[in-house]
Amino acid sequence: MIDLKYVSKKFFKLFIVVVATLGEGMATERIHLQEDNEGTAWAMVARRDLAFMRQAIDSAHPAILDRSDTDFHAWLDDGYAQAQALAATASNERQALAALRFYAVGFRDGHLVVAPDPEHLGKISWAGWITQERDGDFFVAERARHWPVALPPVGAKILECDGLAVSTLVREHILPFTDRRIFLPSVRRKLAAHLTLEIPFEPLWKSKRSQSCLAEMPDGRHARFSMLWRKGDEGFRRAYGMLSHPQRLHAMGGGVYWINVSDFQLDQSGLAQLELLLEQIRQLDTADVVVLDTRGNNGGNSGIGDRILRALLKQDIPPEPEGVSASWRVSDIAINTLQAHVDRFRTLEGETGPDFRSISKLLAKMREAHARGLNWLEDEYTGALSEQGLPFRGRVGLVTDAFCASACLDFADAVLRIPGALHFGESTSADTNYLDVTQLHLPSGLMMWLPLKVYRGRARRSNEALVPHFIYAGDMDDTASLQRWVLEHMRK
């Protein structure tokens, strides 16, 4: 089905988003405040947005009807009380957003997000170097080639900044407003990067930038480095390695093919290119090795991944494990979301397209379930057409980076069900059992992303990352080196 999620417009591909409405009783006018307004005005904005968030969650989130999700329900009330208390003290726009994110982040769900409208993102600043966490310590992983002040060298261990241990800064000042899933390698990378990155769409409650940090040099000496902060995108790119990997097939020679499966968020032009790629994949029945490279894929329409695998494997595509199901929570928000999907795919595919036909049927069933007062509607996605022809029977490799999430994870799950498939690269991100998100405008104009569907019986547990059989220690953006390493293992 269609899985949609927020990411920065400037640095990630913008996920396709659908604006749903909340119905009667929920005002959606936007509030615009001048910078010199008193803090009490921002507190009012934050508390009003929080009330809207809570009502949206109550109205449409699947976990509301499942008391067995005890962590969700504990945070639903306790976290709301904490967030409202925090919001009451917000004195500026940054803190108003931070209070909302504090509540959203507490659910530990990458599909429940609050952020600015992508059209109104501020500029990112950084201090000229990037930190990464390793075994509980924090090391310089990247640095600018040129900077007006001295920078700690790559490999230096950062001990403290402005007298506070880095672990304390991460745990107390960064984690509560950014991502609480510290058990995930991808999240630990994000949290560590915030030490020297100031990201407007992930604001912290305290905005004071560190003025200096103490480093232990590779030779054991200690040195203190002053921090000079400057605006620019370089730091974000270095921290998150967001190089573009166009979706295409590469013939590597000797019956080996490398397929970049990097984009599940396609516009009309992208869908046309997908058809050309699928036709190439259908011809790989005599290939010896196919590597499916998901680098740069943050999710989107899981039906695209399904079509790619069906083009490769034809009737040999492994089925979903028994006992797996997915259910939509029936709600006005879900109806409005599905209607928006139908309208969009009518434009993209026409009324004969697989997604248009499948979602139109689902919308009709959702309306019927709503009219009957039902709580749940079982998802029966039938968008992908069955493929005819000879299936590929060679060896399959899968490459993931740390940002593979959502529909990318669904694709990885399916690939790893292929007998003998090998997994390379970095441990993935993770998601909960709640997916298929919609986008809502909060009263202030901020955006909220809310999941509407729940998986049951999925083999991969909630917030469980996929760990490769072979973990790559090199630069994931160095494609040539990565390909040599993967193919060496595939040929053994």
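You'll find the structure just up there.
Residues numbered from 1 in each chain as written. Predicted model: local features only at pLDDT ≥ 70, side-chain atom pairs only at ≥ 80, totals over all residues. Heavy atoms only, no water.

Considering helix α12 (residues 479-490)
- Look at α12: 16 Å from first C-alpha to last across 12 residues, which is about the 16 Å you get at 1.5 Å a residue.
- Residues of α12 that are buried include every one of L482, Q483, W485, V486, L487, H489 and M490, and no others.
- Contacts made by the buried residues of α12 are with β11 (249-253), β12 (256-260), β13 (289-293), β16 (395-400), β17 (422-425) and β20 (470-471). (Helix = DSSP H or I, 4+ residues; strand = E, 2+ residues; numbered from the N terminus. Expected span 1.5 Å × (residues − 1). Buried < 20%, exposed > 50% of the residue type's maximum accessible area, 1.4 Å probe, protein only. Contact = heavy atoms within 4.5 Å.)

Some remarks on the packing of helix α2 (residues 70-87) against helix α3 (residues 93-105)
- Contact geometry for α2 and α3: axes closest at 9 Å, N-to-C directions at 170°. Judged by the angle between their axes, α2 and α3 are roughly antiparallel. Residue-level contacts link W75, L76, G79, Y80, Q82, A83, L86 and A87 of α2 to A99, F102 and Y103 of α3.
- Broken down by class, the residue content of the contact of α2 with α3 amounts to 9 nonpolar, 2 polar and no charged. (Axes fitted to C-alpha atoms, helices over the stretch in contact; angles between N-to-C directions. Parallel < 35°, antiparallel > 145°, perpendicular 65-115°, else oblique. Nonpolar A, V, L, I, M, F, W, Y, C, P; charged D, E, K, R; others polar.)

Digging into the sheet that holds β11
- Pairing is mixed in the open sheet, where 6 strands are placed in the order β11-β12-β13-β16-β17-β20. The two strands at the open ends of the sheet, each matched to only one other strand, are β11 and β20.
- Judged from the 4 bridges that link them, β16 and β17 form a sheet pairing that is parallel. The residue of β17 that forms the bridge with V399 is F424. (Pairing = 2+ DSSP bridges.)

Some words on the environment of D109
- Residue placement: D109 occurs in the loop between α3 and β1 (113-115).
- Here the alpha-carbon distance between D109 and P451, two residues 342 residues apart in the chain, equals 9.3 Å.
- A distance of 3.1 Å separates polar atoms of two side chains, one belonging to D109 and the other to T432. (Polar contact = N/O pair within 3.5 Å; in protein donor to acceptor, adjacent residues only side chain to side chain.)

Remarks on the pairing of β16
- Burial analysis of β16 places 5 of its 6 residues in the buried class, the great majority of the element.
- When β13 meets β16, the two strands line up parallel, connected through 5 bridges. Across the sheet, L292 pairs through a bridge with L398, a residue of β16.
- The handedness of the β16 to β17 crossover, carried by helix α11 (residues 407-416), is right-handed. (Right-handed = clockwise from strand over helix to strand, strands pointing away.)

What about the side chain of S186?
- For S186, the position within the fold is in helix α5 (residues 185-193).
- Of the residues examined, S186 reaches a relative accessible area of 6% and is grouped as buried.
- Sequence-distant contacts of S186, that is, excluding residues within four places in its chain, are made with A402, T428 and S429.

Focus on the state of the cysteines
- With the rule as written, the count across this model stands at 2 disulfides.
- There is a disulfide in this structure between C161 and C213, and the S-S distance comes to 2.0 Å. Its torsion about the S-S bond being 105°, the disulfide of C161 and C213 is classed as right-handed. Residue C161 is located in strand β5 (residues 157-161), and its partner C213 is located in strand β8 (residues 212-216); the two are separated by 52 residues in the primary sequence. Here C161 matches C213 in class, with each residue buried.
- Covalent S-S linkage joins C404 and C408, the inter-sulfur distance amounting to 2.1 Å. Since a negative S-S torsion denotes a left-handed disulfide, the C404-C408 link at about -105° is left-handed. (Disulfide = S-S within 2.5 Å.)

Focus: the pairing of strand β3 (residues 129-134)
- One ladder, built from 6 bridges, connects β3 with strand β4 (residues 137-143); its direction is antiparallel. When the sheet's bridge partners are listed, W129 is paired in β4 with R143.
- Linking β3 back to β4 in an antiparallel pair, the connection comprises 2 residues, with D135 at a positive phi of about 55°.

A closer look at the environment of A51
- One can find A51 in helix α1 (residues 39-60).
- A sequence separation of 33 residues divides A51 from Q84, and the C-alpha atoms of the two residues are 8.7 Å apart.
- Those residues in contact with A51 that sit more than four places away from it in its chain are Y80 and Q84.

As for the packing of aromatic side chains
- For the coordinates displayed, the defined rule picks out 12 aromatic pairs.
- Between W126 and W147 the ring centres are 5.3 Å apart and the planes differ by 70°, which places this aromatic pair in the edge-to-face class. Residue W126 is located in strand β2 (residues 125-126), and its partner W147 is located in the loop between β4 and β5; the two are separated by 21 residues in the primary sequence. Grouping residues by exposure puts W126 and W147 together as buried.
- Here F264 and F411 contribute two aromatic rings whose centre-to-centre distance is 5.7 Å and whose plane-to-plane angle is 80°, an arrangement assigned as edge-to-face. With F264 in the loop between β12 and α7 (268-282) and F411 in helix α11, the pair connects residues that are 147 residues apart, well separated along the chain.
- On the basis of relative accessibility, which here comes to 1%, the residue F264 falls in the buried class.
- Cation over ring: R134 sits above F139, and NZ or CZ is 4.0 Å from the ring centre. (Phe/Tyr/Trp six-rings, centres within 6.5 Å; stacked < 30°, edge-to-face > 60°. Lys NZ or Arg CZ within 6 Å of the ring centre and 35° of its normal.)

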